[in-house]
Each structure stands twice: as C-alpha cells, then as structure tokens.
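One-letter residues, chain by chain:
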Amino acid sequence: MTISDSTTLFHQKKVVQYDPDIALQSGQDIVYRLSLEYDDKRKMPDLIAGFLEKTDKNALEALIIGMWGDPYESGADEVMAALIAQAPQLPNLRALFIGDMTYEECEISWIVQGSYKPLLDAFPLLEELRIRGGNELIIEPFAHQHLRRFTIEAGGLDQKIAEALAQSSMPQLEHLELWLGTDDYGFSGDVDLYRKVLAQLTVPTLKYLGLRDAEIADDLAVWLAQEPLVAQLDTLDLSLGTIGDLGAVAVLNHTQLGKLKRLDLSHHYISEENQAKLKALPFEVVLDDPQEADEDDGESYRYVAVGE
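Residues numbered from 1 in each chain as written. Predicted model: local features only at pLDDT ≥ 70, side-chain atom pairs only at ≥ 80, totals over all residues. Heavy atoms only, no water.

Taking an unreviewed UniProt entry as the reference, the protein chain is identified by name as Cytoplasmic protein belonging to Janthinobacterium svalbardensis.

(A) Seen up close, the nonpolar core. Counting 91 residues, the largest nonpolar core has F150 and Y194 as the members making the most contacts within it. It is helix 5 (residues 191-201) that provides the largest number of residues to this core, a total of 6 residues. In this structure Y194 touches L157, A162, L178, L180, F187, L211 and W223, once residues within four positions along its chain are discounted. F10, V15, V31 and A62 belong to the second largest nonpolar core, which has 7 residues in total. (Core = buried A, V, L, I, M, F, W, Y, C linked by side-chain atoms within 4.5 Å. Buried < 20%, exposed > 50% of the residue type's maximum accessible area, 1.4 Å probe, protein only. Helix = DSSP H or I, 4+ residues; strand = E, 2+ residues; numbered from the N terminus. Contact = heavy atoms within 4.5 Å.)

(B) Region of interest: the sheet that holds strand 9 (residues 208-214). With mixed pairing, 12 strands are arranged side by side in an open sheet as 1-2-3-4-5-6-7-8-9-10-11-12. Sheet topology places strand 1 (9-10) and strand 12 (284-286) at the edges, where each strand pairs with a single neighbour. Where strand 8 (residues 175-181) and strand 9 come together, 6 bridges link them in parallel fashion. If you follow L176 over to strand 9, its bridge partner there is L209. Contacting strand 8, strand 9 and strand 10 (235-237), helix 6 (residues 217-224) crosses the sheet at an angle of about 155° to strand 9. (Pairing = 2+ DSSP bridges. Axes fitted to C-alpha atoms, helices over the stretch in contact; angles between N-to-C directions.)

(C) Quick look at the side chain of D237. Note that D237 resides in strand 10. Side-chain polar atoms of D237 contact the side chain of S239, separated by 2.6 Å. Once residues lying within four places of it in the same chain are set aside, the contact partners of D237 are Y208, L209, G210, L211, R212 and D264. (Polar contact = N/O pair within 3.5 Å; in protein donor to acceptor, adjacent residues only side chain to side chain.)

(D) Representation of the packing of aromatic side chains. Overall, the coordinates contain 5 aromatic pairs when judged by the stated rule. Between F142 and F150, the ring centres sit 5.9 Å apart and the planes meet at 40°, which makes this aromatic pair tilted. Here F142 matches F150 in class, with each residue buried. Taken together, Y18, Y32 and F51 form an aromatic cluster joined through their ring pairs. (Phe/Tyr/Trp six-rings, centres within 6.5 Å; stacked < 30°, edge-to-face > 60°.)

(E) Representation of the environment of F283. For F283, the position within the fold is in the loop between helix 8 (272-279) and strand 12. F283 gets classed as buried once you look at its relative accessible area, which sits at 8%. Spatially, the C-alpha atom of F283 lies 32 Å from that of R94, the residues being 189 residues apart in sequence. Discounting chain neighbours no more than four positions away, the residues touching F283 are H254, L257, L260, K261 and L263.

(F) Focus on the packing of helix 1 (residues 44-54) against helix 2 (residues 77-86). Helix 2 packs onto helix 1 with a crossing angle of 30° between their chain directions and a minimal axis gap of 9 Å. Here helix 1 is positioned roughly parallel relative to helix 2, judged by the angle of their axes. The element helix 1 and its partner helix 2 pack so that their crossing is right-handed. Residues M44, P45, I48 and L52 of helix 1 pack against E78, V79, A82, L83 and Q86 of helix 2. Considering only residue class, the contact of helix 1 with helix 2 consists of 7 nonpolar, 1 polar and 1 charged. (Parallel < 35°, antiparallel > 145°, perpendicular 65-115°, else oblique. Left-handed = near helix turned anticlockwise from the far one by under 90°. Nonpolar A, V, L, I, M, F, W, Y, C, P; charged D, E, K, R; others polar.)

(G) How the structure looks around the side chain of T102. Looking at the element boundaries, T102 is found in the loop between strand 5 (95-98) and helix 3 (117-122). For T102, the residues in contact, after removing those within four places along its chain, are I3, S4, D5 and S6.

(H) Up close: the environment of E284. Structurally, E284 can be placed in strand 12. Taking C-alpha positions, E284 is 30 Å from I108, a pair spaced 176 residues apart along the chain. When near neighbours in sequence (up to four residues on either side) are disregarded, E284 contacts K261, R262 and L263.

Written out as structure tokens, the structure reads:
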C-alpha cells in the first residue's frame, strides 16, 4: 500500500484543489488544497499569498498545503514562515495539513519537513494539525491549549519526536494519531517510550488513539491491552502495521479494552482462527484480508503498509 490519493475530506470539509485561474468557491463546507507541480516556476509562499488575497481571511477556517515544488530537497520551513507571517490576518484558522502528497508527488519518507514550534506558537487557537513526512521533522516540547486533533504520518518516526511529545501538553486533545513506521525509514523507539507519551498526553477528552503503521504493532497491542489509560477511549487504531497472533491474543485476553467502540486492526498478519475470535468481541473490530509474510532462508518478514 502507498498513499495514492490526495485527501478528500479534512476538518469535516470537502477538499478542493486551488487553481489561481478559477474563481474561489464560496461556503464554509470546503477547504482548499494548495500545491505546485515539479516544473512549476512559482513558489509556495507566492501561491499562499495569492490565495489569501482572494479569500476572506477572517472566514478562513482550514487550509491544506500539498507539494511545495521540491519537497524531497527543501523542507516546509519556508512554507510555515509564509503562514506565520499571515497569522495576525487569519484569526479563525483552526486546521492545517502540511504535506498532503501522494507517492507520485513525493514518497512519504522523502518529504523534508521542518520545525513546528514557531507555527504552533503563531496559531494559539489552532484545533487540528496534520503533518505528513518525518524526514528532518522537528517537534520541540510545546504547550498548546486548543489542539484537539494532532497527527503525524511518517514512514519512520524518530524517537526524538516521541520524546518531545512526552514533554508536551495538549489539554483539549481528542485525537492523537502517530504513524511509527519502520527502522528502514527512520523509526526508533520502543513501547516504554510510547508509554511515556501516552502518560503525558492522555487527558479526559482523548477518545481516539492511533499508533499506526508500526513494525512493533504486536508489542504495542500487548501493552495497550493492559493499559488502564486506554479504558476511556472510543477508538484504538493499530492499523497499517504488522500485528499478528501475538497481538491478537493479547487483545482477546484484554482487561482494559471493554469500553471500546472500535478497534482497527486492518493490514494484519492474524490467523483465521484468531480473526474469528476477534470478530466476536463486544465492540467493532476492523479486519481486512490478512497480509502474507515474506519468507527468506527460513525467516519470516512482515511489512508495514506505508514505509518508503
């Protein structure tokens, strides 16, 4: 699996591709996606400025930034600087997605990101931040009073990111989604580290936890099945990773998952017998057709859904 389609829904709004030659649509039910082509002579800061000149800045609630020209070489700092410069003119901006790219535009592990603390400081009323790409991503410890949804999608999430999150504060957080990925593309860390993250960021409002695309999915499931903090969740999402029978049995023997409404285990390596048992649990369990592990010299290899 790769990311083959651009986002179609963000912040509960329909996504529309911005075209400078077409008049902007009116209404509060759409969000614009700004992106460039490889051979585009324009720069993303100029595209952002042109878009903001045409829109009602006071009414702008959400914005998506796609490919900024050469994201595999230059990072998002220049993009974020352009947004930060406009922050005083965007009093109602509540949601940002930076890095909405398909694999044809730029593989997720190639996307060069940047430092996000200045952006978070500039938009203290932001409620949703979604980041795609972990290459050169910098997250410093931060406190943000209004963030409700925080997502990092990466083919490999460096432990420095998790360490910073374990020192951060989001008291209104409802949705925490992290794609851990594989060490082939930069993942480092372990269950103990993510235990610290969860201990720090679990607040009474948290209802969705996604530790997705993880090569340590079995270990995560063994831990989370016994983790008291999980009891308050509506949704636990361990999809896109390498979960197999070890994780499945832990879930089946759970003590802290009884209040769940939904458990997502799609893209899995679970046997038919344990799949049947999982489907009998008293909450929705999302399962698709199992993946097939690769065999090499007697060794079995599982793969996350999104790596490179």
